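Coordinate analysis (summary)
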Amino acid sequence: MNKVLKELLNTGIYLLVVLGLTYLLITFVGQRTEVEGASMEPTLYDGDNLIVDKLTYQFEDPQRFDIIVFPFQYQENTYYIKRIIGLPGETVRIDDAGNIYITDESGERRLEENYGKEIISPEHIGIAGEPIILGDDEYFVMGDNRNNSSDSRTEIVGNIHRDNIVGRAWVRIWPFESFGVLKHQ
């Protein structure tokens, strides 16, 4: 009887350690998330499953073109996946031709990028038709499918505060034929 009790105790301790480590990994290191919708096409597609890296931003700041995950402020348990376009302290503006301009201490320049699915149409410029000045902890984000994305160009999403960023999309794990580390920069 003593041997059985000892075995049960060892198994219980083992399970507690495994559950504890799993909790720590999910809370502080990474989590799985599923893409819903077409706002990040052609980079990410509806149904893609990703691992979100929650650790990197504990040691470094998010960078332009990083694909980030953040909660949607008006619906519980809903997260958005978007690409960082504007960094803290910058000003972002989109002209009528769909060009994105970034203004920082070195002046205004047209953003050179190759992530957008298509040119931004005039009806999708949104509030970024006027200069948007980012605060010291704010980021301007957009979906890669520029004409089919609810992002910082809309008041409902707006600028994303640093402390609302859950993490950086890191690896696509499903569908398996698309498995791999995501390109950010």
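Right, let's walk through the structure included here. Please read all numbers here as calculations on a predicted model, not as lab measurements.

1. Observations regarding the layout of surface pockets
Space left empty within the atom packing is revealed by a probe, the size of a water molecule, rolled over the atoms. Put simply, the largest pocket is a space of about 320 Å³. Around the largest pocket, the lining comprises 15 residues; the ones closest to its centre are E34, V35, E36, Y79 and Y80. Among the elements of the structure, β1 (30-34) and β4 (79-86) are those that each provide at least two residues to the lining of the largest pocket. If you tally residues by element for the lining of the largest pocket, the top one is β4, at four residues. The residue inventory of the lining of the largest pocket, partitioned by class, reads six nonpolar, six polar and three charged. In terms of lining residues, the second largest pocket is bounded by 15 residues, among which G98, N99, R110, E113 and I119 are the most central. A class-by-class count of the residues in the lining of the second largest pocket yields six nonpolar, four polar and five charged.

2. Focus: the pattern of salt bridges
Applying the stated criterion across every chain, the model contains 10 salt bridges. In this structure, E113 and R146 form a salt bridge, with 2.7 Å as the shortest nitrogen-oxygen distance. Of this pair, E113 sits in the loop between β7 (107-110) and β8 (132-133) while R146 sits in the loop between β9 (138-142) and β10 (160-161), and the two are 33 residues apart along the sequence. Across the pair D151 and R153 runs a salt bridge, and its minimum N-O distance is 2.8 Å.

3. So, the sheet that holds strand β6 (residues 100-104)
Reading across from one edge, β7-β6-β5-β8 is the order of the four strands in this open sheet, with antiparallel pairing throughout. The sheet is open, and its two edges are formed by β7 and β8, each paired on a single side. As paired elements, β6 and β7 share four bridges and run antiparallel to each other. Looking at the pairing, T103 lines up with E108 of β7.

4. Concerning unusual backbone geometry
Glycine aside, the phi torsion of most residues is negative, and most peptide linkages are trans. Following E41, the chain continues into P42 via a peptide bond in cis, with omega recorded as 10°. Considering the arrangement of structural elements, one finds P42 in the loop between β1 and β2 (49-53). Here the amide bond leading from W174 into P175 is cis, since omega sits at 5°, within 30 degrees of zero. Along the chain, the position of P175 falls in the loop between β11 (167-174) and β12 (180-181). In this structure, F65 takes a positive phi of about 80° despite not being glycine. With respect to the helices and strands, the residue F65 is situated in the loop between β2 and β3 (67-71). Taking the relative accessible area as the measure of exposure, F65 reaches 12% and is therefore buried.

Here is what the cut-offs are and how they apply
- Residues numbered from 1 in each chain as written.
- Predicted model: local features only at pLDDT ≥ 70, side-chain atom pairs only at ≥ 80, totals over all residues.
- Heavy atoms only, no water.
- 1 Å grid on protein atoms, 1.4 Å probe; cavity = no way out; pocket = protein on both sides within 12 Å on 5 of 7 lines; lining within 4 Å.
- Points joined across faces, edges and corners; volume = space filled by probe spheres on them.
- Helix = DSSP H or I, 4+ residues; strand = E, 2+ residues; numbered from the N terminus.
- Nonpolar A, V, L, I, M, F, W, Y, C, P; charged D, E, K, R; others polar.
- Salt bridge = Lys/Arg side-chain N within 4 Å of Asp/Glu carboxyl O.
- Pairing = 2+ DSSP bridges.
- Buried < 20%, exposed > 50% of the residue type's maximum accessible area, 1.4 Å probe, protein only.

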